[in-house]
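Below are the chains, spelled out letter by letter.
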Amino acid sequence: QVRLVESGGGLVQPGGSLRLSCAASGRTFSDTAMGWFRQAPGKEREVVAAVNWSGGDTAYVGSVTGRFTISRDNEKNTLFLQMNSLKPEDTAVYYCATTPEQVLTTAIDDYDNWGQGTQVTVSS
């Protein structure tokens, strides 16, 4: 099992930027597709972005398209989420996760290994 640790969250003003990181340790990082998810208070966890094993294929939820970028560095066993033009509705706990699949998937049920999450708060 891969151990996942997120970092980079914090408080930012609307229009600001944050870069989340997800450091992975354990078995081979590059074998699996990965995703970023978020859960706001009182809401269900939702997919934000996903990437395939190589980083060559990505997908985003519509509300973040054009503002967020998912990427991975397989040599450094790290997944990233660059978040620009942040909005108050982006406020949530952000989680990274892995799936046994190599191909990209945005289905939350496909993900079986989760980090502990990092809080992102967008507020003036």
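Residues numbered from 1 in each chain as written. Predicted model: local features only at pLDDT ≥ 70, side-chain atom pairs only at ≥ 80, totals over all residues. Heavy atoms only, no water.

Draft legend 1. Region of interest: the overall build of the chain. When helices and strands are counted, the chain shows zero helices and 11 strands. Each helix and strand of the chain, placed in order from N terminus to C terminus, yields the pattern β-β-β-β-β-β-β-β-β-β-β. In the chain, which comprises 124 residues, the proportion classed as buried is 42%. Across the chain, contacts joining residues at least 24 apart in sequence account for 59% of those joining residues at least 6 apart. Total accessible area on the chain stands at roughly 6100 Å², and carbon and sulfur atoms take up 45% of it. In the chain, 10 positive and 13 negative side-chain charges are present, and the distance between their average locations comes to 7 Å. (Helix = DSSP H or I, 4+ residues; strand = E, 2+ residues; numbered from the N terminus. Buried < 20%, exposed > 50% of the residue type's maximum accessible area, 1.4 Å probe, protein only. Contact = heavy atoms within 4.5 Å. Areas by Shrake-Rupley, 256 points an atom, 1.4 Å probe, with all protein chains shown as cover. Lys, Arg positive; Asp, Glu negative; His and termini not counted. Charge placed at Lys NZ, Arg CZ, Asp CG, Glu CD.)

Draft legend 2. Highlighting the layout of surface pockets. In this structure, the largest pocket spans a volume of roughly 150 Å³. If you go around the largest pocket, the residues you meet are Arg38, Gln39, Ala40, Lys43, Glu44, Glu46, Pro88, Glu89, Thr91 and Ala92. Partitioning the lining of the largest pocket into residue classes produces three nonpolar, two polar and five charged. (1 Å grid on protein atoms, 1.4 Å probe; cavity = no way out; pocket = protein on both sides within 12 Å on 5 of 7 lines; lining within 4 Å. Points joined across faces, edges and corners; volume = space filled by probe spheres on them. Nonpolar A, V, L, I, M, F, W, Y, C, P; charged D, E, K, R; others polar.)

Draft legend 3. Summary view of the state of the cysteines. Taken as a whole and judged by the stated rule, the model has one disulfide. A sulfur-sulfur distance of 2.0 Å marks the disulfide that ties Cys22 to Cys96. Negative torsions about the S-S bond denote left-handed disulfides, and the value of about 60° found for Cys22 with Cys96 makes this one right-handed. Taken together, the positions of Cys22 in strand β3 (residues 18-25) and Cys96 in strand β9 (residues 92-98) put the pair 74 residues apart, joining distant regions of the chain. Classification of Cys22 by relative accessible area gives buried; the value is 0%. (Disulfide = S-S within 2.5 Å.)

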